[in-house]
Amino acid sequence: MGKNIPLTRLGAVAVLAIALFPSNTQSFAPSSAIQFRSPATLASNTVGIRSSTAFSKKSSLSMAVEGDFDPDAISKSVEQAQAGSVKAKLRALYKFTRPHTIRGTVLASFAGTARALIDTPGALANAQWGTMLPRAFIGMVALLLGNAFIVGINQIFDEGIDKMNKPFLPVASGEMSKRFAWVAVLSAGIIGPLIVFNFFPTLLFKLYMVGWTLGAIYSVPPIRTKQNPILAGLTIATVRGFLLNFGVYFAVKDAIGAAFTWSPKVSFIARFMTAFATVIAVTKDLPDIEGDKAFQIETFATKIGVPRIAKGASLCLLLNYIHAIATGILSKAGTFNLIPMIGGHLSLAAALVYRFRQLDPESTPSIKKYYKHIWDFFYLEYLLYTLI
């Protein structure tokens with residue numbers, strides 16, 4: 001146990017440093033010097049840009065990859081894609097997969113795998129890597145295809161809304177044709193389930209299809225659960241909070257021939273990430289209030305207002321961290337490594353308060369930046385998961 005303390009202490013310190021370090025927010029937020037108004041202003045390029053935000057053509061184009069509102073960069077990307085540039089089309093496909101959600105899926109997979117191997121005595125020493133690594137790779141591909149299916153079908157049915165809220169997305173901008181988007185979505189939606197059906201236990205296939213179905217009806221009429229804020233929150237919390245974390249852990253246990261048990265660490269991460277995903281489900285609508293109102297999409301942000309939702313969601317996330325700290329304090333001795341479990345979550349709670357104090361709820365760029373930081377905290381939790 002003594003040998004583990006330096007590593008876990010280092011991990012907790014690293015988590016705080018990453019959470020507080022000023023990061024590049026362009027992938028989620030537009031420059032504070034750019035004010036997006038409407039599709040008309042986008043089309044006419046009448047967007048006010050201060051002289052201090054002059055970028056080279058190359059850097060301006062790269063900023064458009066995931067979430068920049070620079071109309072010149074978006075227009076350039078659209079022109080290149082429509083001209084047949086393979087690089088531009090691949091960049092559009094990359095944006096179509098919503099990379100920030102892909103990162104969450106990949107981190108959940110790595111953390112869940114590491115946790116399952118660490119929790120199983122002898123698993124690392126006796127692992128048959130020649131069999132496990134290809135299986136793990138196949139499982140990762142299936143998860144990424146499921147992720148692409150869910151976020152892709154959302155972009156197809158939300159094209160009108162995205163033209164107001166997220167004009168950088170490839171379907172909304174015209175960078176990707178509707179036909180190609182459907183090909184990508186249907187391919188991901190068919191190949192993903194086939195992989196899981198052929199290579200993994202029946203239970204995992206059933207769980208995968210639950211997530212697949214919930215992700216589809218979130219966007220597809222007539223059900224379209226995203227129109228109801230409670231159903232939308234439950235959908236995202238279930239898929240990204242519970243199904244993903246439980247499914248990865250169960251798959252690894254099955255691969256190494258170990259029986260699945262609800263260990264305290266697995267139970268904790270399932271609870272914690274389900275609550276966290278609920279916060280993400282609510283805060284993701286904060287920057288989208290203009291388009292949601294225009295298309296009569298009812299969200300907590302449109303009903304209650306951005307400032308109150310930002311405060312309420314932040315409070316819920318803070319309580320989630322307090323729950324993590326209390327779990328570490330109240331659990332039986334030896335259940336958790338206390339430095340990352342208590343110290344790590346205390347550090348993230350402090351960083352959350354710091355980031356919230358920087359939020360200006362009346363500023364769209366500030367809201368987008370804060371939402372980006374919430375995803376950063378989400379990623380960092382998976383680092384702690386491997387250490388607790």
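Here, every reference points to the structure presented above.
First, a word on scope: everything that follows refers to the structure included in this document.

Reading guide: rules and limits
- Every chain is numbered on its own, with residues counted from 1 as its sequence reads.
- Local features in a predicted model are, by the rule used here, given only for residues with pLDDT of at least 70; side-chain atom pairs are given and counted only at 80 or more, and totals for whole chains, interfaces and linings are based on all residues.
- Working from all heavy atoms in the structure, the side-chain values ignore hydrogens and water.
- A run of DSSP states H or I qualifies as a helix once it reaches four residues; a run of E qualifies as a strand once it reaches two. Both are numbered from the N-terminal end.
- When a residue's accessible area, from a 1.4 Å probe over protein chains only, is under 20% of the maximum for its type it is buried; when over 50% it is exposed; and in between it is partly exposed.
- When checking whether two residues touch, look at their non-hydrogen atoms; a contact exists if any pair is within 4.5 Å.
- Computed with a 1.4 Å probe, the accessible areas rest on the Shrake-Rupley method; for each residue, only the protein chains presented here act as cover.
- When a carboxyl oxygen of Asp or Glu lies within 4 Å of a side-chain nitrogen of Lys or Arg, that pair is called a salt bridge.
- For this analysis, a nonpolar core means a set of buried residues of the types Ala, Val, Leu, Ile, Met, Phe, Trp, Tyr and Cys, connected via side-chain atoms within 4.5 Å.
- An expected span of 1.5 Å times one less than the residue number is assigned to each helix.
- Note on definitions: angles span 0 to 180 degrees between N-to-C directions of axes, and those axes are lines fitted to C-alpha atoms, for helices only across the stretch in contact.
- In these notes the angle categories are as follows: under 35 degrees is roughly parallel, over 145 is roughly antiparallel, 65 to 115 is roughly perpendicular, and the rest is oblique.
- By definition, no residue in a patch forms a salt bridge, and every one has over 30% relative accessible area; like charges are joined within 9 Å, nonpolar side chains (Val, Leu, Ile, Met, Phe, Trp, Tyr) within 5 Å.
- What we call the bend at a residue is the angle made by axes fitted to the seven residues finishing there and the seven residues starting there.
- Under the rule applied, a polar contact is a pair of N or O atoms within 3.5 Å (in protein, one hydrogen donor and one hydrogen acceptor; residues adjacent in sequence only if both atoms are side-chain atoms).
- We call Phe, Tyr and Trp rings a pair once their centres come within 6.5 Å, taking the six-membered ring for Trp, and we label the pair stacked below 30 degrees between planes, edge-to-face above 60, and tilted otherwise.
- For any helix crossing, the convention is left-handed if the near helix is rotated counterclockwise from the far helix by under a right angle, and right-handed if that rotation is clockwise.
- Each residue gets one of three labels, nonpolar for Ala, Val, Leu, Ile, Met, Phe, Trp, Tyr, Cys and Pro, charged for Asp, Glu, Lys and Arg, and polar for the others, Gly among them.

1. Examining the overall build of the protein chain
The helix and strand tally for the protein chain stands at 19 helices and 0 strands. Counting only residues that meet the buried cut, the protein chain has 52% of its 388 residues in that class. Restricting to contacts in the protein chain with at least 6 residues of sequence separation, those with at least 24 account for 76%. Taken as a whole, the protein chain presents about 18,000 Å² of accessible surface, with 66% of it coming from carbon and sulfur.

2. Things to note about the pattern of salt bridges
Evaluation of the coordinates by the stated rule reveals 9 salt bridges. As a salt-bridge pair, Lys-95 and Glu-175 come within 2.5 Å of each other at their nearest N and O atoms. Highlighted residues: Lys-95 in helix α5 (residues 86-96) and Glu-175 in the loop between α10 (170-173) and α11 (178-199), separated in sequence by 80 residues. As far as the burial class goes, Lys-95 and Glu-175 line up, both buried. Salt-bridge contacts for Asp-285 lead to Lys-284; the nearest nitrogen and oxygen are separated by 2.8 Å. Asp-285 gets classed as buried once you look at its relative accessible area, which sits at 11%. Counted as one network, the salt bridges with shared partners bring together Asp-158, Arg-224 and Lys-226.

3. Comments concerning the side chain of Thr-235
Within the secondary structure, Thr-235 is located in helix α13 (residues 229-255). Thr-235 gets classed as buried once you look at its relative accessible area, which sits at 8%. With sequence-adjacent residues up to four places away left out, Thr-235 is seen in contact with Leu-214, Tyr-218 and Thr-225.

4. Quick word on the nonpolar core
Counting residues in hydrophobic clusters, the biggest one holds 49 residues, and the most contacted among them are Phe-268, Phe-276, Tyr-321, Phe-378, Tyr-382 and Tyr-385. For this core, the secondary-structure elements that each account for two or more residues are α6 (99-119), α13, α14 (264-283), α17 (306-330), α18 (338-357) and α19 (364-387). In terms of residue count, the dominant contributor to this core is α19 (12 residues). Leave out the neighbours within four places in its chain, and Tyr-382 touches Gly-104, Leu-107, Ala-108, Ala-111, Arg-240, Leu-244, Asn-245 and Met-273.

5. With respect to helix α12 (residues 202-219)
Here α12 is 18 residues long and its end C-alpha atoms lie 26 Å apart, about the 26 Å a rise of 1.5 Å per residue gives. Considering only its buried residues, α12 is in contact with α8 (129-157), α11 and α13.

6. Some words on the packing of helix α4 (residues 71-82) against α5
Think of two packed helices as two axes; the pair is described by the angle between the axes and how far apart they sit. With their axes 8 Å apart at the nearest point, α4 and α5 run at an angle of 120 degrees to one another. Between α4 and α5, the angle is such that the two are oblique. From α4, Ser-77, Gln-80 and Ala-81 reach across to α5, where they touch Ala-88, Lys-89, Arg-91 and Lys-95.

7. Some details on a nonpolar patch on the surface
Residues Phe-157, Trp-182, Leu-186, Ile-190, Ile-191 and Leu-194 make up a contiguous nonpolar surface patch of roughly 540 Å² in combined accessible area. Broken down by element, the nonpolar patch gets its largest block of residues, 5 residues, from α11. Inspection of the secondary structure puts Ile-190 in helix α11.

8. Details of α13
The α-helix winds at 3.6 residues per turn, so residues separated by three or four positions along the chain end up facing the same way. The end-to-end C-alpha distance of α13 is 38 Å, a good match for the 39 Å that 27 residues give at a rise of 1.5 Å each. Along its length, α13 reaches its greatest deviation from straightness, about 35 degrees, at Leu-243. Counting buried residues along α13, 19 of its 27 residues qualify, which places the element largely inside the surrounding structure. For α13, the N-terminal cap is Asn-228; the gap from its side-chain oxygen to the backbone nitrogen of Ile-230 is 2.9 Å. Backbone geometry just downstream of α13 places Gly-257 in the positive-phi region, at approximately 75 degrees.

9. Notes on the packing of aromatic side chains
For the structure shown, the criterion picks out 20 aromatic pairs. Centroid distance Phe-250 to Phe-260: 5.8 Å. Interplanar angle 50 degrees. Geometry classified as tilted. Taken together, the residues Phe-250 in helix α13 and Phe-260 in the loop between α13 and α14 connect sequence positions 10 residues apart. The buried category is assigned to Phe-250, whose relative accessible area is 17%. Three or more aromatic residues joined by ring pairs make a cluster, and in this case those are Phe-268, Phe-272, Phe-276, Tyr-321, Phe-336, Trp-375, Phe-378, Tyr-379 and Tyr-382.

10. Focus: unusual backbone geometry
Cis geometry marks the peptide bond from Pro-221 to Pro-222, where omega comes out at 5 degrees. In this structure, Pro-222 sits in the loop between α12 and α13. Positive phi values are uncommon outside glycine, yet Arg-224 reaches one of about 45 degrees. Within the fold, Arg-224 resides in the loop between α12 and α13. Judged by relative accessible area, Arg-224 falls into the buried class, the value being 9%.

11. Quick word on the packing of α13 against α19
Remark: α13 packs on α19, axes separated minimally by 14 Å, with the N-to-C direction vectors making an angle of 30 degrees. Between α13 and α19, the interaxial angle falls into the category roughly parallel. For the crossing formed where α13 meets α19, the hand is right-handed. Together, Arg-240, Leu-244, Asn-245 and Tyr-249 of α13 and Trp-375, Phe-378, Tyr-382 and Tyr-385 of α19 make up the contact between the two elements. Of the residues belonging to the contact of α13 with α19, the class tally is 6 nonpolar, 1 polar and 1 charged.

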